[in-house]
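Residue-level listing of the chains:
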Amino acid sequence: MNPNYLQTPLVYLKGVGPNRAETLKSELGMETFGDLLQLFPNRYLDKTQYYKINQLRDSGADVQITGKIIHLKTVEQKRGKRLVATFVDDTGQLDLVWFRSQKWIRENIKLNEFYVVFGRINKYSSSFSMPHPEMELLTEHQAGLKINMQPIYPSTEKLSNSGITNKVISKLIQQLFIETKADFEETFSKALLDELKLISKVDALLNIHFPKSQELLTKAQFRLKFEELFFVQLQLLNKKAIRKHKIKGLPFDQVGEYFNIFFKNHLPFELTNAQKRVIKEIRNDMGSSAQMNRLLQGDVGSGKTIVALMCMLLAIDNDYQACLMAPTEILAQQHYNGLKDLVQGMPIKIALLTGSTKKSERTFLHNQLENGNLNILVGTHAVLEDKVQFKNLGLAVIDEQHRFGVAQRSKLWHKNSIPPHILVMTATPIPRTLAMSLYGDLDISVIDELPPGRKSIKTVHRYDANRLKVFRFIKDEIKKGRQIYIVYPLIQESEALDYKDLMDGYESIAREFPLPDYQISIVHGKMKPRDKDYEMERFVRGETQIMVATTVIEVGVNVPNASVMIIESAERFGLSQLHQLRGRVGRGAEQSFCILMTSHKLSNDSKTRLETMVRTNDGFEIAEVDLKLRGPGDLMGTKQSGLLNLKIADIVKDNHILKSARYYAIQLLKADPKLELPQHQVIRKAYTNLVKDKAIWGYIS
Ligand code: ADP
Ligand code: MG
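Residues numbered from 1 in each chain as written. Chains lettered and ligands numbered in written order. Predicted model: local features only at pLDDT ≥ 70, side-chain atom pairs only at ≥ 80, totals over all residues. Heavy atoms only, no water.

A.B. asks: Describe the packing of helix α10 (residues 214–245) against helix α24 (residues 655–671), with residues and values.
C.D. replies: Viewed as axis vectors pointing N to C, α10 and α24 meet at an angle of 50°, and their least axial separation amounts to 8 Å. Taken together, the axes of α10 and α24 lie oblique to each other. Considering only the axes of α10 and α24, their crossing is right-handed. The residues of α24 that touch α10, namely those facing Phe 222, Lys 225, Phe 226, Leu 229, Phe 230, Gln 233, Leu 234, Leu 237 and Asn 238, are Ile 657, Leu 658, Ser 660, Ala 661, Arg 662, Tyr 664, Ala 665, Ile 666, Leu 668 and Leu 669. Along the lines of polarity and charge, the residues of the contact of α10 with α24 split into 14 nonpolar, 3 polar and 2 charged. (Axes fitted to C-alpha atoms, helices over the stretch in contact; angles between N-to-C directions. Helix = DSSP H or I, 4+ residues; strand = E, 2+ residues; numbered from the N terminus. Parallel < 35°, antiparallel > 145°, perpendicular 65-115°, else oblique. Left-handed = near helix turned anticlockwise from the far one by under 90°. Contact = heavy atoms within 4.5 Å. Nonpolar A, V, L, I, M, F, W, Y, C, P; charged D, E, K, R; others polar.)

Written out as structure tokens, the structure is:
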């Protein structure tokens, strides 16, 4: 088929008028034939069986019945009304019920004609009903394309309310197949199809929408998933190749005084092997003439900060400036203090820039940056503002990147005429294969080793009923000179409730731990930044023993003397968040503890999360469990990453397909980097159609 055909607006499809076209666009983002063809079903229903009403059981199953509507009435109920149709066959009767789209049904339904209805069966006392059934006149049903498995397409309330039911979607797709004569172009080379035993593109599309059998459906799914992932990988690999070969970077070819003197005289501890390895990787990157774009993964407490600093020293050694950005003011402040301590006695100028930096100071800072007097700028998003200009920014480090969007990252590129090297640090571990597909265009370094002497944190799960015991434990720890975090959930939807929980908790803690023996800090989102910082600092300085807080302390905060983390309503936190919170303790020499408090009511997922936390401290293992529980949707960056608008594949469930797709994409580019060989023209064509940024070939060839 002419690929332009796939670009044809949906209004030109028979059965789609301007109204439907508009609704399809607003609800499912579909505008063209191609979009509709790629609206893949979420699931399939087996419609090989027809039931009689007297065969119905209270099983909650979706079933298919043939019969007639003999009566239609509207029933008033507490809120609104419902439409009820009496549906009969030769064995009995049941009610069809609508709560929505009643007008449309009323106007379109035909009494006393044979219908095939399909839907879930409910049982009330002794009679059955079927809410919002799918309906089709028996005549149409018999004339329709015979399918054994009925696809269920993604839908929205508005779609079904405006009459664009699953049935209608299916009909439209049928129409699309008729109008295009299913003349869809193959996108894989013969060799690849043969080697992987893939079915053809046409067969795959046909069987994904109108499966002839379970077996063919599986084959269709595999083929389309593989195809999708393969082309994503191809794009990522190409992007990376372009960056490596075409985008000039600033060559940091010197390892000079700053780096060496720091290494010799200022390093407060011996680097772990992982830290050394990663610094070497980064040095190699920045020393080459390509721009670095590297993701540094390291579990909480693995010592990413010192790595960042040493890389910044390399920048300074090569007469460039560096900046370090953190997602919150508290963190930026902490980094600033930490870095200043580390380089004390060295002629390095560091400054802090955040939203609350005073105007006069700001102006001074801007000048210092522009004339090159300032070596390192630490800050929040404020660093990205256009007014902030560097003399020559060589390296930008972004800490905890999941709070920064891609757009913000790209702003950094324009802070210098040649883009600075970029190092993104994250403590959210992502399994490696997944990382490759999310950030396939980035290089990845991993610190997979904690500094020596760390005692692993002991984690326990306690029910609220055991609170007094927990309080006693806290008192013992405080007696030993330790500090305690007590964290409450903060979930946007019920902010008021959360706030109340926090305050109630605070009060009971204040009663249990009274002044003057105990000092308590409290930090939450409703406080002014200045008050927050004040409370935080009291805790950092050890003036308070207990920090009661919402999750604002989640990332990065470093108080080595704090050895107990108590997480209230732990069942309400996600796994990675629990792991991040736990990482706030275990930073000093003492044995640390994490206590997960919950009520007795726990869902299965919550139980799995709690058990996982108790079982392991390994961030990567936790990330794997988290992915299985939640899917990749929430992973950092995935939402912004347009590449990952996957239509059919699931990067977690289809991980094995992903690996294979990546492997074959690498092989292909190895054999034919510019896809010039005649046998690869099909792939090249498909690829070119996919990639919006056509310039990509300009770079490559
Ligand atoms: P994160 O990776 O979570 O940002 P940090 O850089 O904050 O970790 O380091 C956590 C703590 O470990 C800091 O107190 C830091 O000084 C210390 N640290 C880092 N590297 C080492 C090391 N090689 N040996 C001993 N302590 C280290
Ligand atoms: Mg950190």
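A.B. asks: Break down the confidence of the model for the protein for me, citing the residues and quoting the values.
C.D. replies: Of the residues in the protein, 90% reach a pLDDT of 70 or more, and the chain-wide mean stands at 86. In this model, residues 636–643 is a region of pLDDT below 50 whose contacts with residues beyond four sequence positions or in other chains number 19 contacts. Throughout residues 693–701 the model reports pLDDT below 50, and contacts reaching past four residues in sequence, or to other chains, amount to 19 contacts. (pLDDT = per-residue confidence, 0-100.)

A.B. asks: Tell me about the environment of Arg 82, and name the residues and values.
C.D. replies: Mapped onto the fold, Arg 82 is located in strand β3 (residues 81–89). The exposure class assigned to Arg 82 is partly exposed, which follows from its relative accessible area of 27%. Residues Arg 82 and Gly 338, spaced 256 residues apart in sequence, show a C-alpha to C-alpha distance of 65 Å. Sequence-distant contacts of Arg 82, defined by excluding residues within four places in its chain, comprise Lys 73, Thr 74, Val 75, Gln 77, Val 97, Trp 98, Phe 99 and Gln 102. Polar side-chain contacts of Arg 82 include one of 3.0 Å to the side chain of Gln 77. (Buried < 20%, exposed > 50% of the residue type's maximum accessible area, 1.4 Å probe, protein only. Polar contact = N/O pair within 3.5 Å; in protein donor to acceptor, adjacent residues only side chain to side chain.)

A.B. asks: Give me the lowdown on unusual backbone geometry, citing residues and values where you can.
C.D. replies: Note that the residue after Leu 515, namely Pro 516, is joined by a cis bond; omega there is -5°. The backbone of Ser 101 shows a phi angle near 45°, a positive value even though the residue is not glycine. Secondary-structure assignment places Ser 101 in the loop between β4 (92–98) and α4 (102–108). One non-glycine residue, Asp 319, lies in positive phi territory at about 65°. Mapped onto the fold, Asp 319 is located in the loop between α13 (304–317) and β11 (321–325).

A.B. asks: An account of the sheet that holds strand β18 (residues 483–487) is requested, with residue identities and associated values reported.
C.D. replies: Taken together, the 6 strands give an open sheet; going across it, the order is β17-β22-β21-β18-β20-β19, and neighbouring strands pair in parallel fashion. Of all the strands in the sheet, just β17 (458–463) and β19 (520–523) have a single pairing partner and so form its edges. Within the sheet, the average angular offset between the axes of one strand and its neighbour, ignoring direction, is 20°. One ladder, built from 4 bridges, connects β19 with strand β20 (residues 546–549); its direction is parallel. If you follow Val 523 over to β20, its bridge partner there is Ala 549. Against the sheet, helix α18 (residues 467–479) engages β17, β18, β20, β21 (562–567) and β22 (593–598), with an angle of about 160° to β22. Running at roughly 175° to β19, helix α19 (residues 495–512) makes contact with β18, β19 and β20 of the sheet. (Pairing = 2+ DSSP bridges.)

A.B. asks: Would you mind going over the pattern of salt bridges in detail, with residue names and values included?
C.D. replies: Applying the stated criterion to the full structure yields 28 salt bridges. The salt bridge partner of Lys 103 is Glu 107, with a shortest N-O separation of 3.4 Å. Separated by 4 residues within a single helix, Lys 103 and Glu 107 lie in helix α4, roughly one turn from each other. Here Lys 103 matches Glu 107 in class, with each residue exposed. The residue Glu 590 makes a salt bridge to Arg 482 at a minimum N-O spacing of 3.5 Å. Highlighted residues: Glu 590 in the loop between α21 (575–582) and β22 and Arg 482 in the loop between α18 and β18, separated in sequence by 108 residues. Overlapping salt bridges bring together Arg 277, Glu 281, Asp 285, Arg 294 and Asp 448 as one network. (Salt bridge = Lys/Arg side-chain N within 4 Å of Asp/Glu carboxyl O.)

A.B. asks: Describe in detail the sheet that holds strand β8 (residues 134–137), supporting the description with residues and values.
C.D. replies: The 7 strands are arranged β6-β7-β4-β3-β2-β5-β8 in an open sheet whose pairing can be described as mixed. Across the chains shown, the open sheet's two edge strands, defined by having one partner strand only, are β6 (122–124) and β8. Geometrically, the sheet is characterised by an average inter-axis angle of 40° between neighbouring strands, direction not taken into account. In terms of strand pairing, strand β5 (residues 114–120) meets β8 through 4 bridges, oriented antiparallel. Residue pairing in the sheet places Val 117 in a bridge with Met 135 of β8.

A.B. asks: Tell me about the side chain of Asp 89, residues and numbers included.
C.D. replies: By the element assignment, Asp 89 lies in strand β3. With no salt bridge to any partner, buried Asp 89 finds its closest opposite charge in Lys 52, at an N-O distance of 4.8 Å. Of note is the side chain of Asp 89, whose polar atom sits 2.9 Å from the backbone nitrogen of Ile 53. Polar side-chain contacts of Asp 89 include one of 2.7 Å to the backbone nitrogen of Thr 91. Leaving out residues up to four positions away in the same chain, Asp 89 has contacts with Tyr 51, Lys 52, Ile 53, Ile 65, Thr 66 and Gly 67. (Lys, Arg positive; Asp, Glu negative; His and termini not counted.)

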